[in-house]
Amino acid sequence: MSLRSKQWLYVMLCISFLAMSFGVYTSTENVDRGFSVMNEDVRAGKRLFQDYNCVSCHQIFGLGGYMGPDLTNCISSEGGPKRAEMWMRNGFGAMPNFELSDQEITELMAFLAYIDKSGTSPPKEYEINSTGTLDIKHYQDDE
Ligand code: HEC
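In every chain, residue numbers begin from 1 and rise along the written sequence. In keeping with the predicted nature of the model, local features appear solely for residues at pLDDT of at least 70, side-chain atom pairs appear and are counted solely at 80 or more, and the whole-chain, interface and lining totals rest on all residues. To obtain the side-chain values, all non-hydrogen atoms of the structure were used and water was disregarded.

**Q** What exactly am I supposed to notice about the coordination of the iron atom of the ligand here?
**A** Octahedral metals with six donors have ideal donor angles of 90 or 180 degrees. Tetrahedral metals with four donors have an ideal donor angle of 109.5 degrees. Because water is not among the atoms used, a metal site may look incomplete, as its donors are only the N, O and S atoms within 2.8 Å, or 3.2 Å for Na, K and Ca. Within the protein, the iron atom of the ligand binds to H58 (NE2) and M95 (SD); these donor distances fall in the range 1.9 to 2.1 Å. Site shape is set this way: if four donors have all angles between 85 and 135 degrees, tetrahedral; if opposite donors are over 155 degrees apart and all others between 65 and 115, square planar for four donors and octahedral for six; otherwise irregular. Around the iron atom of the ligand sit 6 donor atoms, and with donor-metal-donor angles ranging over 86 to 179° the site reads as octahedral. Placement of H58 in the loop between α2 (40-51) and β1 (59-60) and of M95 in the loop between α3 (80-90) and α4 (102-117) is noted, with a sequence separation of 37 residues between them. To qualify as a helix, a DSSP run of H or I must reach at least 4 residues; to qualify as a strand, a run of E must reach at least 2; elements of each kind are numbered from the N terminus.

Quick look at the structure:
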């Protein structure tokens, strides 16, 4: 590649970077990333989630242990908050009963509701074909 085309490429990449940054930071797209429900309970719930090491068995956005289900959208999924609360209050099978107080449950529920609003996980619905390739049904935010 000649020096001239390298310089040209460099300038084009800089311009693309600036255009992209401008687009991202000035976007007025109205997305609720959960800040509407962010409060003291959410922060306390996050600390509890860490203290009890819930992530050793549960994932959030796919990250965490795999003994329990992904909790990202457990509040808006079937069964909703009632189901989530029931599991936390009583435990069952591999889900331990942590003898959580009402206050702790309120805080953990607030944290889970906050996470739920921040996005969808998994972001795609797909099937794994026999050849190992993915058959993407749709992106869940398209609904
Ligand atoms: C030892 C592993 C383990 C730990 C630690 C754990 N869980 Fe669970 N949890 C499970 C399993 C297993 C299930 C139930 C899966 C099933 O049978 O549906 C579950 C279910 C749940 C559910 C119901 C999810 C749904 O919608 O089906 C919630 C909510 C939940 N756990 C929250 C928590 C919270 C909050 C903590 C931390 C305080 C925690 N879990 C710690 C293993 C664990």
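After that view of the structure, there is still more to cover.
**Q** It is not clear to me how the pattern of salt bridges should be interpreted in this structure. Could you clarify?
**A** Between side chains of opposite charge, a pair can form when the charged atoms approach closely. Whenever a carboxyl oxygen of Asp or Glu lies within 4 Å of a side-chain nitrogen of Lys or Arg, that contact is scored as a salt bridge. On inspection of all chains with the given rule, the structure shows 3 salt bridges. Put simply, R43 and E40 hold a salt bridge, and the shortest N to O gap is 3.3 Å. Separated by 3 residues within a single helix, R43 and E40 lie in helix α2, roughly one turn from each other. Of the residues examined, R43 reaches a relative accessible area of 39% and is grouped as partly exposed. Between R89 and E85 there is a salt bridge, with its nearest N and O atoms 2.9 Å apart. With R89 and E85 both in helix α3 and 4 residues apart, the pair spans about one turn of that helix. Of the residues examined, R89 reaches a relative accessible area of 33% and is grouped as partly exposed. Under the scheme applied here, a residue whose accessible area is under 20% of the maximum for its type counts as buried, over 50% as exposed, and between as partly exposed, the area being computed with a 1.4 Å probe on protein chains only.

**Q** Honestly, the site of the ligand in this entry has me stumped. Any pointers?
**A** Throughout, near means a residue has at least one heavy atom within 4 Å of the molecule or strand. Around the ligand, the structure places 18 residues, and the nearest of them are C54, C57, H58, R83 and M95. As used in this structure description, the phrase polar contact means that two N or O atoms lie within 3.5 Å; if the pair is within protein, one of them must be able to donate a hydrogen and the other to accept it, and residues adjacent in sequence are counted only when both atoms belong to side chains. Between the ligand and H58 there is a distance of 2.7 Å, counted from a nitrogen atom to a side-chain nitrogen or oxygen. The contact in question runs from an oxygen atom of the ligand to an N or O atom on the side chain of R83, over 2.6 Å.

**Q** Would you take a moment to explain unusual backbone geometry for this structure?
**A** Across residues other than glycine, the phi torsion is negative in most instances, and most of the peptide bonds are trans. Of the consecutive residues S121 and P122, the connecting peptide bond is found in the cis state with omega at -5°. Assignment of secondary structure puts P122 in the loop between α4 and β3 (124-128).

**Q** What is the right way to read the packing of aromatic side chains from this model?
**A** What characterises a pair of aromatic rings is the spacing of the ring centres plus the angle enclosed by the ring planes. A pair of aromatic rings is counted whenever rings of Phe, Tyr or Trp (Trp by its six-membered ring) have centres within 6.5 Å, and the orientation is called stacked for planes under 30 degrees apart, edge-to-face for over 60 and tilted otherwise. Here the structure, examined in full by the defined rule, presents 3 aromatic pairs. Plain terms: the ring middles of W87 and F92 are 6.1 Å apart, the flat faces sit at 70° to each other, and that makes the pair edge-to-face. Look at W87 and you get partly exposed, because its relative accessible area is 29%. With a relative accessible area of 63%, F92 lands in the exposed category.

**Q** In this structure, what is going on with the pairing of strand β4 (residues 134-139)? I would like to understand it.
**A** Residues in a regular strand point their side chains to alternate faces of the sheet. Strand pairing is assigned whenever DSSP identifies at least 2 bridges connecting the two strands. Pairing geometry for β3 and β4, over 5 bridges, is antiparallel. If you follow Y126 over to β4, its bridge partner there is I136. Counting the residues that bridge the hairpin from β3 to β4 gives 5 residues, and of these G132 lies at a positive phi of roughly 95°.

**Q** Mind showing me how you'd approach the nonpolar core here?
**A** Across soluble globular proteins, nonpolar side chains have a tendency to be buried as a group. In this structure, F49, F111 and L112 are the most contacted members of the largest nonpolar core, which totals 19 residues. If you list the elements that add at least two residues to this core, you get α2, α3 and α4. Per-element tally for this core: the top contributor is α4, with 8 residues. By nonpolar core is meant a set of buried Ala, Val, Leu, Ile, Met, Phe, Trp, Tyr and Cys residues that side-chain atoms within 4.5 Å join together.

**Q** What am I meant to see in the packing of α2 against α4 here?
**A** When two helices pack together, their arrangement is given by the angle between the helix axes and the distance between those axes. Each axis is a line fitted through C-alpha atoms, taken for helices only over the stretch in contact, and angles between the N-to-C directions span 0 to 180 degrees. Taken N-terminus to C-terminus, the directions of α2 and α4 make an angle of 100°; their axes are 7 Å apart at the nearest point. Here α4 runs roughly perpendicular to α2, going by the angle between their axes. For the pair formed by α2 and α4, the contact residues are D41, V42, A44, G45, K46, L48 and F49 on the first element and Q103, E104, T106, E107, L108, A110, F111, L112 and Y114 on the second. Nonpolar residues are Ala, Val, Leu, Ile, Met, Phe, Trp, Tyr, Cys and Pro. Charged residues are Asp, Glu, Lys and Arg, and all others, Gly as well, are polar. Looking at the contact of α2 with α4 residue by residue, the class counts come to 9 nonpolar, 3 polar and 4 charged. What sets the label is the angle itself: under 35 degrees gives roughly parallel, over 145 gives roughly antiparallel, 65 to 115 gives roughly perpendicular, and the rest give oblique. Here, two residues are considered to be in contact whenever any of their heavy atoms come within 4.5 Å of each other.

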